[in-house]
Amino acid sequence: MNKLNIGIVCYPSYGGSGVVATELGLGLAKKGHSVHFISYETPFRLYGFDENIQFHEVDMQSYPLFKYPLYSLSLTSKIVEVCEANEIDILHVHYAIPHSICAFLAQQMLRKHHVKVVTTLHGTDITLVGQEQSYYRLVQFGIEESDEVTSVSKHLRDVTIREFKTDREIHVIPNFVDPDKFTPEVKQPKCLFVKGKEKVVMHISNFRPVKNIETVIQTFYHIQKKVESCLVLIGDGPEIPAARQLAVKLGIMDKVSFRGRIEQVECILPCADLFLLPSELESFGLSLLEAMSCGVPTISSNVGGIPGVVVEGETGYMFEPHDFKGMSEKAIEVLENPELHSTLSKNGRRRAENVFHIDNIVSQYEQLYYATVL
Ligand code: GMT
């Protein structure tokens, strides 16, 4: 098969859609395709050098007349420039808004270049932002006009079809993990977080309201009453101050460690004895999969696409998003029972390798691209 020239548009910030886009681009480049990332910053997991990868930064112009920056137009213009200069075959945009609309406009401008657009729906572009009245019709249009649309879970596909009243085909291609990168092998000394034999409970997210951080803190509050433990919070976002306040109010600040953004979470995840993710919305839950790949049992909510990732009682346990009582009781049981912990850990690792292996999923996207450019 011919190698393709692929443009990838994504948000570069700390969050699942940017991670998936970046890891996919790296995987495609490894297979010999030429990959061009387009965004306002280098995506946060894109580092090192690969001769098949280029990053193109969107140039933002300011002008006194423009009270608000015209990011979508600047992005469109950059897409056109990159496509023309690099004979892009496939433009794969991650997150529907505004990327699928910019891609559509760029496609119109590029008429003779025949660029095909693939849009991947990630979650909040459909379940939250896309539901805003001012964006709804745009997202609907982006979905209808893309040459192909994929979603990261069956649940998200079903929500999209229902909420956006579309009968177009949406391919489900799940998120993935590289099990050679996310391994159970401990790479950092645990003493970074704990002085003695305390268990490490971990949460990683972008600390947005949907992540339900209050329940993370409440759950840990009940865990630490029974099990000597600490809570390690990785990531940054608007809910950090409230989380800190609650930890202070509950008198557990000495056991809670706010670590901020960490680029290479694979170095730190294996230190965890348990991973918590009680989100109110989650179309997939990539951080759960990365924890599983590192052999870390998970306690999470049961919303959205999570039941497609976690196997109840085999790799972790799921509860209603605000059921901190149920979550903490189960967490204590897992932390106090080494046999149960080890079984969950092995099952999670096996599931990550067998069902969500990066090589299988990158091939699925590759097949879709070939079918689209035919
Ligand atoms: O909430 C986030 O972590 C960010 C958000 C995004 O679009 O960047 O994540 C969504 O996409 C991830 C990758 O496909 C999924 O794993 C997350 O479940 C999804 N988040 C939500 O649905 C809330």
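Residues numbered from 1 in each chain as written. Predicted model: local features only at pLDDT ≥ 70, side-chain atom pairs only at ≥ 80, totals over all residues. Heavy atoms only, no water.

### Description of helix α3 (residues 99-109)
- Of all the residues in α3, the buried ones are His-99, Ser-100, Cys-102, Ala-103, Ala-106 and Gln-107. Down the axis of α3, the buried set is contained in an arc of 155°. They therefore lie on one face.
- Close packing links the buried residues of α3 with β1 (5-9), α2 (71-86), β4 (90-94), β5 (116-121) and α5 (133-145). (Buried < 20%, exposed > 50% of the residue type's maximum accessible area, 1.4 Å probe, protein only. Helix = DSSP H or I, 4+ residues; strand = E, 2+ residues; numbered from the N terminus. Arc of directions from axis to C-beta. Contact = heavy atoms within 4.5 Å.)

### Some thoughts on the sheet that holds strand β7 (residues 171-172)
- Reading across from one edge, β3-β2-β1-β4-β5-β6-β7 is the order of the seven strands in this open sheet, with parallel pairing throughout. One side of each edge strand has no neighbouring strand; the edge strands of this open sheet are β3 (53-57) and β7.
- In this sheet, strand β2 (residues 34-39) lies alongside β1 in parallel orientation, the contact comprising five bridges. Each bridged residue has a counterpart across the sheet, and for Val-9 the counterpart in β2 is Ile-38. (Pairing = 2+ DSSP bridges.)

### Overview of the environment of Ile-53
- Looking at the secondary structure, you find Ile-53 in strand β3.
- Counting along the chain gives 17 residues from Ile-53 to His-36, while the straight-line C-alpha distance between them is 5.9 Å.
- Dropping the residues within four chain positions of it, Ile-53 is found in contact with Gly-25, Leu-26, Ala-29, Val-35, Phe-37 and Leu-46.

### As for the packing of helix α7 (residues 213-226) against helix α11 (residues 324-336)
- Running from N to C, α7 and α11 cross one another at 45°; their axes reach a closest spacing of 9 Å. Taken together, α7 and α11 sit at an angle that is classed as oblique. Remark: the crossing between α7 and α11 carries right-handed chirality. Together, Thr-215, Gln-218, Thr-219, His-222, Ile-223 and Lys-226 of α7 and Phe-324, Met-327, Ser-328, Ala-331, Ile-332, Leu-335 and Glu-336 of α11 make up the contact between the two elements.
- Counted by class, the contact of α7 with α11 contains six nonpolar, five polar and two charged residues. (Axes fitted to C-alpha atoms, helices over the stretch in contact; angles between N-to-C directions. Parallel < 35°, antiparallel > 145°, perpendicular 65-115°, else oblique. Left-handed = near helix turned anticlockwise from the far one by under 90°. Nonpolar A, V, L, I, M, F, W, Y, C, P; charged D, E, K, R; others polar.)

### Notes on the packing of aromatic side chains
- By the definition in use, this model includes six aromatic pairs.
- Ring centres of Tyr-40 and Tyr-71 lie 5.7 Å apart, and the angle between their planes is 85°; on these two criteria the pair is classed as edge-to-face. Of the two residues, Tyr-40 sits in the loop between β2 and β3 while Tyr-71 sits in helix α2, which places them 31 residues apart along the sequence.
- Tyr-40 sits in the partly exposed class, given a relative accessible area of 32%. (Phe/Tyr/Trp six-rings, centres within 6.5 Å; stacked < 30°, edge-to-face > 60°.)

### Remarks on the pattern of salt bridges
- For the structure shown, the criterion picks out 14 salt bridges.
- A salt bridge links Glu-333 to Lys-330, with the nearest nitrogen and oxygen atoms 3.2 Å apart. Of this pair, Glu-333 and Lys-330 both sit in helix α11, three residues apart, roughly one helical turn.
- On the basis of relative accessibility, which here comes to 38%, the residue Glu-333 falls in the partly exposed class.
- Residue Arg-349 is joined to Glu-353 by a salt bridge in which the shortest nitrogen-to-oxygen separation is 3.3 Å. Here Arg-349 pairs with Glu-353, and both are found in helix α12 (residues 338-355), just four residues apart, close to one helical turn.
- The partly exposed category is assigned to Glu-353, whose relative accessible area is 32%. (Salt bridge = Lys/Arg side-chain N within 4 Å of Asp/Glu carboxyl O.)

### Comments concerning the domain arrangement of the protein
- Taken domain by domain, the protein holds domain 1 (5-176 + 357-373) and domain 2 (190-355).
- Of note, the centres of domain 1 and domain 2, computed from C-alpha atoms alone, are 30 Å apart.
- Each partner contributes residues to the interface: domain 1 has 22 residues there, and domain 2 has 24 residues.
- Between domain 1 and domain 2, the buried area comes to about 1700 Å², and carbon and sulfur atoms account for 56% of it.
- Among the residues domain 1 hides against domain 2, the three largest losses belong to Tyr-14, Arg-45 and His-357. Together they make up 37% of the total.
- Inspection of the domain 1/domain 2 interface yields one salt bridge. (Domains from an automatic or database assignment. Buried area = accessible area lost by both parts, 1.4 Å probe.)

### Brief notes about the environment of Ser-301
- Here Ser-301 shows up in strand β12 (residues 298-301).
- Judged by its relative accessible area of 0%, Ser-301 is buried.
- In sequence terms Ser-301 and Leu-276 are 25 residues apart; their C-alpha atoms lie 8.8 Å from each other.
- With sequence-adjacent residues up to four places away left out, Ser-301 is seen in contact with Leu-277, Pro-278, Ser-279, Ile-306, Met-318, Phe-319 and Pro-321.
- Here Ser-279 takes part through its backbone oxygen, which lies 2.7 Å from a polar atom of the side chain of Ser-301. (Polar contact = N/O pair within 3.5 Å; in protein donor to acceptor, adjacent residues only side chain to side chain.)

### Examining the nonpolar core
- Counting 74 residues, the largest nonpolar core has Met-202, Ile-234, Phe-275 and Tyr-369 as the members making the most contacts within it.
- Per element, the largest residue contribution to this core is seven residues, and it comes from helix α13 (residues 358-373).
- Residues lining this core come from more than one domain, with at least three contributed by each of domain 1 (5-176 + 357-373) and domain 2 (190-355).
- Residues within four places of Met-202 in sequence aside, it is in contact with Phe-193, Val-232, Ile-234, Ile-268, Leu-269, Ala-272, Leu-274, Phe-275 and Leu-276.
- Ranked by size, the runner-up nonpolar core spans 29 residues in total, among them Val-216, Ile-240, Leu-246 and Ala-247. (Core = buried A, V, L, I, M, F, W, Y, C linked by side-chain atoms within 4.5 Å.)

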